[in-house]
Amino acid sequence: MKRIDAKRIDAIYHVRGEAEYVDDLPLPAEMLYAAVFASPVAHGKILSLEIQDALALEGIVAVFTADDIPESNQWGTIITDCPILAKDEVQYIGQPIAVVVGQTKAIAQKATKLIRLGVEKLLIIVEPREAFSQGQIIGTPRTFVLGDVDRAWSQCDLIVEGSCEIGGQEHLYLETQRSRAIPLEGNNLRVYSATQNPTLTQKTIAQMLGLPCHAVEVDVKRLGGGFGGKEEQATHWAALAALAAWQTRKPVELVLSRSDDLMMTGKRHPYSSDFKIGVTREGKILAYEVKHYQNAGAYADLSTAVLERSLFHSTNAYFIPNARIFAVSCRTNLPPSTAMRGFGGPQAMFVIESAIAKVAETLGMTREEIQRKNLLQPGELFPYGQEMQTNSLGRTWLEAEETYNLAAIGDRINHYNANHFETKKGYAVMPICFGISFTATFLNQASALVHVYTDGSVSVTTGGVEMGQGLNTKIAAIAAKALGIGLQRIKIESTNTTRIANMSASAASVTTDLNGNATLLAIAQILERLKVLAGKELGVSDLENIEIANEKVVYGGKETDLTWEHLAKAANLARVNLSAHAFYATPGLGFDRELEHGHPFAYHVCGTAIVEVTLDCLRGIYEIDAVKIVHDLGRSVNELVDIGQVEGGLAQGLGWMTIEDLQFNEKGELVSNNLANYKIPDIYFMPDIIDIKFLENDGNSLAPYGSKAVGEPPFMYGIGVFFAIRQAMKAFQPKMECAFISPLTPERVLCELYSDELHEMA
Ligand code: MTE
Ligand code: LUZ
Ligand code: MOS
């Protein structure tokens, strides 16, 4: 039963240090280097900009400002409101104002320090509720409604209210933002960019320069991590490199230093939310009302889409018959918040889990009793009108409860707490239910281009970007399986706008689903032609009985002498087309934003985690002892890759809830501006025990070979750690209030545990 999957197909390049990233390509002659001059203030009117001193520096070739942009100085997919270079005003610290081009990176960096900016300071807003009260919102506020909350309150035995403050998160991709732009003959450009969204990069640069899209070729080999941070924002840096290359007619490379990347790029949205929840005495949730104030930062970016996903995931894995969900995107003077793993889902799920915690504590029940009673059953409705289709949520819960013996965990922890004073343990169950599809229906499309060469080797290009998630390994596995040939024959090409047009971003966990399905459709075309050829060679006409397996033509279940290699060569001699392009669009999707009702998701991915922690109540520090997961993968295309995604997502989720303390001060300055004060999980922080069990045989017709998307959902298992630590805190100080503020850093834990003493001292 134990499967052995192929290792990642590019692992060998990584191990040997051969893997190519943007700035690993051989240097073109005469290449120049760009650096960014950015706003030092979070809000202001630009009065003057002096670049002479920078220009005078030896080795500096040019300094470009907004005035050097030939056509459009705007970027942004949904609302195109973000300037490529700020002209009249600045809205956040780190906002690009000028791009300096020099003969070396160091000189370009140095010259940025010589630019003088005259600025009239304006009012700075950093809190979303403050922005909201001043009418600073992006898009329109939205409300989802199911049932009748106002009537339902009177039927509740208990109603509790509360609020949550939820921190943002730095992507901390290993590879910072970067791009290399190369002028080609005529008015053409080739741009290598670390982007999850080659088409957006192409379009933005074309519009900036007043060129047709076909004049801009964008090529992406792989990213050193994206995590959403390169879904929208990579465009900005590619546009700056392209502007410089266009103006100088020389290749230009722009690589952000880590500190510039931290300061200049947007992060996960912080949220500030209010909840009100009503339940019966037995813990059945009857009504839920929530208001989310999203901190969008200074420009729209993807905030309205992120907000939409918050609306969709506000009830997480629970059926709540009466719900009213309000969400608004608030404009502040922080870098534009952007996509990050989970895309607004995690924030909304944290709020409902907080509400459930408060209910459980008030009723004197365990959290998991409430959670279990309200788990979504197949056929029940989400507040957006879609029906829960799968039974895998309940199955993962039951399997987690049984396999990991939840009752025994509870007993063991209670026993421990009764016998220990200065350390306490806590645990939490965290069920997840994440919708799979871009919530903007039109984005759910993809293409693939497959070539078979006459030696039987195969080249596959898709619109998907490899960012470490294992896309290429999965696409190769899918192609090899569909063709019935060995994995070593498949090569996955770079993602390139000349081979695939009009791509959606590689995001929303659907890259393999969409591009894998397109690959299957392309291969089906080639196979159909090859079967005709094989039928001729075998002298048979019942083509439905022909297949290819193990690199041989199989007829009626029996292997023939016809080999794959022979077929490829013979096809060429017989003038049979060995190439195909195919297009896939997810069927059955639709959402009506007027009615806030519809079927936005192809399917949901579900799972259940149990998180256990030990808290040192004298010091506030904690250890995550174990995370035990039952996760629904469908029928995995590559379990090894998927385990990596579950573990990686979990690590990021645990970090978000605990030690990743993203802080801006009231001036809009990033305080956590280096890796000494922005901590991410390392091998020591991670749980000693991570058990992952996959739900068996829950196939899925909307992704290749019954697989399921895996990229984002496991992130949300991390939310459980907050409630496990909270439980341990309450075991030490049963009467403590304990706010729903994340991240729950050791400092915060300590302050909460001793808040009475701190009050007395003050
Ligand atoms: N895993 C790695 N190693 N690196 C990444 O950048 N991004 C995550 C997830 N897993 C990411 C990752 C995010 S935010 C998404 S949406 C998905 O991968 C994107 O890839 P997929 O659609 O192929 O799952
Ligand atoms: N990006 C996007 C996403 O544009 N729409 C989405 O629904 C989404 N979901 C998750 C991550 N990125
Ligand atoms: Mo992921 S946030 O969809 O890039």
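Since this is a predicted model, take the numbers as computed values, not measurements. (Residues numbered from 1 in each chain as written. Chains lettered and ligands numbered in written order. Predicted model: local features only at pLDDT ≥ 70, side-chain atom pairs only at ≥ 80, totals over all residues. Heavy atoms only, no water.)

## Focus on the overall build of the protein
Now for step 1: For the protein, the count of helices and strands is 20 helices and 32 strands.
Now for step 2: Here the C-alpha radius of gyration of the protein, 27 Å, is about what a compact globule of 762 residues would show, namely 27 Å.
Now for step 3: Across its three principal directions, the C-alpha atoms of the protein cover 85 × 75 × 50 Å.
Now for step 4: When each of the 762 residues of the protein is scored for burial, the buried share is 62%.
Now for step 5: Within the protein, contacts between residues at least 6 apart in sequence are counted, and of these 80% link residues at least 24 apart.
Now for step 6: Roughly 28,900 Å² of accessible area belongs to the protein as shown, and the carbon and sulfur atoms make up 51% of that amount.
Now for step 7: In the protein, 67 side chains carry a positive charge and 90 a negative one; their mean positions are 2 Å apart. (Helix = DSSP H or I, 4+ residues; strand = E, 2+ residues; numbered from the N terminus. Rg over C-alpha atoms; globule rule 2.2 N^0.38 Å. Buried < 20%, exposed > 50% of the residue type's maximum accessible area, 1.4 Å probe, protein only. Contact = heavy atoms within 4.5 Å. Areas by Shrake-Rupley, 256 points an atom, 1.4 Å probe, with all protein chains shown as cover. Lys, Arg positive; Asp, Glu negative; His and termini not counted. Charge placed at Lys NZ, Arg CZ, Asp CG, Glu CD.)

## Regarding the site of ligand 1
Now for step 1: Around ligand 1, the surrounding shell holds 16 residues, and the nearest of these are Gly226, Phe227, Met467, Thr511 and Gln645.
Now for step 2: Note that an oxygen atom of ligand 1 is positioned 3.1 Å from one of the side-chain N or O atoms of Gln469.
Now for step 3: A distance of 2.7 Å separates a nitrogen atom of ligand 1 from a polar side-chain atom of Gln645.
Now for step 4: Against a free-state accessible area of 520 Å², the protein chains account for coverage of 92% of ligand 1.
Now for step 5: Tallied by class, residues from the shell around ligand 1 come to 5 nonpolar, 9 polar and 2 charged. (Near = heavy atom within 4 Å. Polar contact = N/O pair within 3.5 Å; in protein donor to acceptor, adjacent residues only side chain to side chain. Nonpolar A, V, L, I, M, F, W, Y, C, P; charged D, E, K, R; others polar.)

## Re the sheet that holds strand 14 (residues 252-255)
Now for step 1: Taken together, the 8 strands give an open sheet; going across it, the order is 3-7-1-14-11-12-13-22, and neighbouring strands pair in mixed fashion. Only two strands of the sheet have a single partner each, and these edge strands are strand 3 (60-64) and strand 22 (495-496).
Now for step 2: Here 3 bridges tie strand 1 (residues 32-38) to strand 14, and the two strands are oriented parallel to one another. Note on strand 14: the bridge partner recorded for Tyr33 is Glu253.
Now for step 3: Docked against the sheet, helix 3 (residues 105-112) engages strand 1, strand 3, strand 7 (96-102) and strand 14, running at close to 25° with respect to strand 1. (Pairing = 2+ DSSP bridges. Axes fitted to C-alpha atoms, helices over the stretch in contact; angles between N-to-C directions.)

## Here we look at the site of ligand 2
Now for step 1: Every residue close to ligand 2 is listed here: Glu231, Arg309, Phe343, Phe438, Thr439, Leu443, Ala507, Ala508 and Glu712.
Now for step 2: One of the side-chain N or O atoms of Glu231 is found 2.7 Å from a nitrogen atom in ligand 2.
Now for step 3: Arg309 is positioned with one of its side-chain polar atoms (N or O) 2.8 Å from a nitrogen atom of ligand 2.
Now for step 4: Protein chains shield 95% of the accessible area of ligand 2, which is 290 Å² for the free molecule.

## Some points on the nonpolar core
Now for step 1: Counting 120 residues, the largest nonpolar core has Ile277, Tyr288, Phe350, Ile719 and Met729 as its most contacted members.
Now for step 2: Sequence-distant contacts of Ile719, defined by excluding residues within four places in its chain, comprise Pro346, Met349, Phe350, Glu353, Met430, Trp656 and Met657.
Now for step 3: Ranked by size, the runner-up nonpolar core spans 51 residues in total, among them Phe64, Ile182, Leu254 and Tyr299. (Core = buried A, V, L, I, M, F, W, Y, C linked by side-chain atoms within 4.5 Å.)

## Topic: the packing of helix 6 (residues 198-209) against helix 7 (residues 234-248)
Now for step 1: It is at 9 Å that the axes of helix 6 and helix 7 come closest, and there the two elements cross at 40°. When the interaxial angle is binned, helix 6 and helix 7 end up oblique. For helix 6 against helix 7, the interelement crossing comes out right-handed. Touching Leu200, Thr201, Thr204, Ile205, Met208 and Leu209 of helix 6 are Thr235, Ala238, Ala239, Ala242, Leu243 and Trp246, all from helix 7.
Now for step 2: Taken together, the residues of the contact of helix 6 with helix 7 sort by class into 9 nonpolar, 3 polar and no charged. (Parallel < 35°, antiparallel > 145°, perpendicular 65-115°, else oblique. Left-handed = near helix turned anticlockwise from the far one by under 90°.)

## Structural notes on the layout of surface pockets
Now for step 1: By volume, the second largest pocket is sized at about 520 Å³.
Now for step 2: Looking at the second largest pocket, it is lined by 25 residues, and the ones nearest its centre are Glu127, Gly167, Leu662, Gln663 and Ser742.
Now for step 3: At the level of elements, strand 10 (158-166), strand 15 (271-279) and helix 19 (746-753) are the ones that each hand at least two residues to the lining of the second largest pocket.
Now for step 4: Looking at the lining of the second largest pocket element by element, the count peaks at 3 residues for helix 19.
Now for step 5: Among the residues forming the lining of the second largest pocket, the class breakdown is 11 nonpolar, 8 polar and 6 charged. (1 Å grid on protein atoms, 1.4 Å probe; cavity = no way out; pocket = protein on both sides within 12 Å on 5 of 7 lines; lining within 4 Å. Points joined across faces, edges and corners; volume = space filled by probe spheres on them.)

## With respect to the pattern of salt bridges
Side chains bearing opposite charge may pair, as long as their charged atoms lie close to each other.
Now for step 1: Under the defined criterion, the tally for this structure stands at 36 salt bridges.
Now for step 2: Residue Arg129 pairs with Asp274 through a salt bridge whose shortest N-O separation is 2.9 Å. Placement of Arg129 in helix 4 (residues 128-133) and of Asp274 in strand 15 is noted, with a sequence separation of 145 residues between them.
Now for step 3: Since its relative accessible area comes to 29%, Arg129 is described here as partly exposed.
Now for step 4: The salt bridge involving Lys552 is made with Glu559; its shortest N-O contact spans 3.5 Å.
Now for step 5: Classification of Lys552 as partly exposed rests on a relative accessible area of 26%.
Now for step 6: Each of Arg8, Asp10, Arg222 and Glu466 takes part in salt bridges that share partners, so that together they form one network. (Salt bridge = Lys/Arg side-chain N within 4 Å of Asp/Glu carboxyl O.)

## Points about the environment of Ile325
Now for step 1: Tracing the chain through its elements places Ile325 in strand 17 (residues 322-331).
Now for step 2: Given a relative accessible area of 0%, Ile325 falls into the buried group.
Now for step 3: Along the sequence, Ile325 and Thr143 sit 182 residues apart, while their C-alpha atoms lie 5.3 Å from each other.
Now for step 4: Beyond its immediate sequence surroundings of up to four residues, Ile325 is in contact with Arg142, Thr143, Phe144, Val290, His292, Leu311, Ser314 and Pro383.

## Here we look at the sheet that holds strand 26 (residues 579-585)
Now for step 1: Overall, mixed pairing links the 4 strands, which are arranged 21-20-19-26 in an open sheet. Two strands lie at the open edges of the sheet, namely strand 21 (490-492) and strand 26, each paired on one side alone. Strand-to-strand twist in this sheet, taken as the mean axis angle between neighbours without regard to direction, amounts to 20°.
Now for step 2: In terms of strand pairing, strand 20 (residues 458-462) meets strand 21 through 3 bridges, oriented parallel. Note that in strand 21 the partner of Ser459 across the bridge is Lys491.

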